[in-house]
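An overview of the molecular structure
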Amino acid sequence: MKTLDNILSAINVLQFVGNTQQEIVGLAIHANEVKDNYLFIAQEGTLTDGHTFIPDAIKNGAKVIVCSKSLLPMQDGIAYVFVQNTKLVAGVLAAAFYDYPSSQLKIVGITGTNGKTTCATLAYQLFSNLGFTCGLLSTVQNQIAKEILPSTHTTPNPIQLQNLLRKMVDAD
């Protein structure tokens, strides 16, 4: 069981309102992905501000709101975590929620302008053929051992990334 205080110990909290002992079953940065007992991270984007979706996240079941703006009125029964920058803490919170999976894996990152997916796929196939159980995160698909998972974005968001890494750890 993950409690809010376990997850929050990884970040610098400016202000906190609510109960730190409540159970958190998931994280989301999009209000439409929130379910009961989720932690919602309100992020400012270039076109929209996630803070405007806080009421939707609460309606969908969020019990914790991580935000960087003062909110009035605050709703009873909801914990509010105020931080300097929600984009910076999203990855740290996700890593803490999923028990820091990257620390339990050997990771190869491929960067550049062109050919990343090809190189990553070739490396995945090479290491798999050498007998290693591997994972692959790419634009085309994500793969954990032999299980193929759809890739919806070029780069997974921090929560998706940590979730995929946790699944890789769990698959050995």
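You'll find the structure just up there.
Keep in mind it's a predicted model, so treat the numbers as computed, not measured.

**Considering the environment of Met1**
Looking at the secondary structure, you find Met1 in the segment before helix 1 (4-8). Overall, Met1 belongs to the exposed group, its relative accessible area being 73%. Separated by 119 residues in sequence, Met1 and Ala120 place their C-alpha atoms 34 Å apart. Residues contacting Met1, with those up to four places away along its chain left out, are Asn6 and Glu23.

**As for the packing of aromatic side chains**
Applying the stated criterion across every chain, the model contains two aromatic pairs. Where Phe97 meets Tyr98, the ring centres are 4.9 Å apart and the plane angle is 90°; that geometry is what we call edge-to-face. Just as Phe97 is buried, Tyr98 falls in that class too. Judged by centre distance (6.3 Å) and plane angle (90°), the ring pair of Phe127 and Phe132 falls under edge-to-face.

**Observations regarding the pairing of strand 5 (residues 79-82)**
Neither face of strand 5 is exposed, since Ala79 and Val81 on one face and Tyr80 and Phe82 on the opposite face are all buried. In this sheet, strand 5 lies alongside strand 1 (residues 15-17) in antiparallel orientation, the contact comprising three bridges. Counted as the bridge partner of Phe16 is Val81 from strand 5. By the bridge criterion, four bridges tie strand 4 (residues 62-67) to strand 5 in an arrangement that is parallel. By the bridge assignment, Val66 is partnered in strand 5 with Val81.

**Some remarks on the sheet that holds strand 3 (residues 38-41)**
Across a sheet, paired strands are connected by hydrogen bonds in the backbone, their directions being either parallel or antiparallel. With respect to topology, five strands assemble into an open sheet ordered 1-5-4-3-2, the strand pairing being mixed. Every other strand in the sheet has two partners, leaving strand 1 and strand 2 (26-28) as the edge strands with one partner each. Sheet twist, expressed as the mean angle between neighbouring strand axes with direction ignored, is 15°.

**Describing the pairing of strand 3**
The alternating pattern of strand 3 places Tyr38 and Phe40 on one face and Leu39 and Ile41 on the opposite face, and all of these are buried. Across three bridges, the pairing between strand 2 and strand 3 is parallel. Its bridge partner lying in strand 3, Gly26 is registered against Tyr38. As judged from the four bridges shared by strand 3 and strand 4, these two strands associate in the parallel manner. Following the sheet pairing, Leu39 is matched in strand 4 by Val64. Where the polypeptide runs from strand 3 across helix 2 (residues 54-59) and back to strand 4, its parallel neighbour, the crossover connection is right-handed.

**Re the nonpolar core**
One finds Ile24, Leu39, Ile41, Val66 and Leu93 to be the most contacted residues of the largest nonpolar core, which totals 22 residues. Among the secondary structure elements, those contributing two or more residues to this core are helix 1, strand 3, strand 4, strand 5 and helix 3 (86-97). At six residues, the largest contribution of residues to this core is made by helix 3. If sequence neighbours within four positions are ignored, Ile41 has contacts with Ala28, Ile29, Val66, Thr86, Ala90, Leu93 and Ile159. In this structure, Ala31, Val34, Ile65 and Phe82 belong to the second largest nonpolar core, which totals 16 residues.

Reading guide: rules and limits
- Along each chain, the written sequence defines residue order, and numbers are assigned to residues from 1.
- In keeping with the model being predicted, local features are shown solely for residues with a pLDDT of at least 70 and side-chain atom pairs are shown and tallied solely at 80 or more, while totals for entire chains, interfaces and linings include all residues.
- The side-chain values count all of the structure's non-hydrogen atoms but skip hydrogen atoms and water molecules.
- Only DSSP runs of H or I with at least four residues qualify as helices, and only runs of E with at least two residues qualify as strands; both kinds are numbered from the N terminus onward.
- Any residue under 20% of the maximum accessible area for its type is buried, any over 50% is exposed, and the rest in between are partly exposed; the area is computed with a 1.4 Å probe on protein chains only.
- Two residues qualify as a contact provided that any one of their heavy atoms is within 4.5 Å of a heavy atom in the partner residue.
- Each Phe, Tyr or Trp ring, with Trp reduced to its six-membered ring, pairs with another whose centre is within 6.5 Å; inter-plane angles below 30 degrees give stacked pairs, above 60 give edge-to-face pairs, and intermediate values give tilted ones.
- One requirement defines pairing of two strands: DSSP has to find at least two bridges between them.
- Here an angle of 0 to 180 degrees is reported between the N-to-C directions of two axes, which are lines fitted to C-alpha atoms, with helices fitted over the stretch in contact.
- By convention a crossover is right-handed if, when the strands point away from the viewer, the path from the first strand over the helix to the second runs clockwise.
- Here the nonpolar core consists of buried residues drawn from Ala, Val, Leu, Ile, Met, Phe, Trp, Tyr and Cys, with membership extended through side-chain atoms lying within 4.5 Å.

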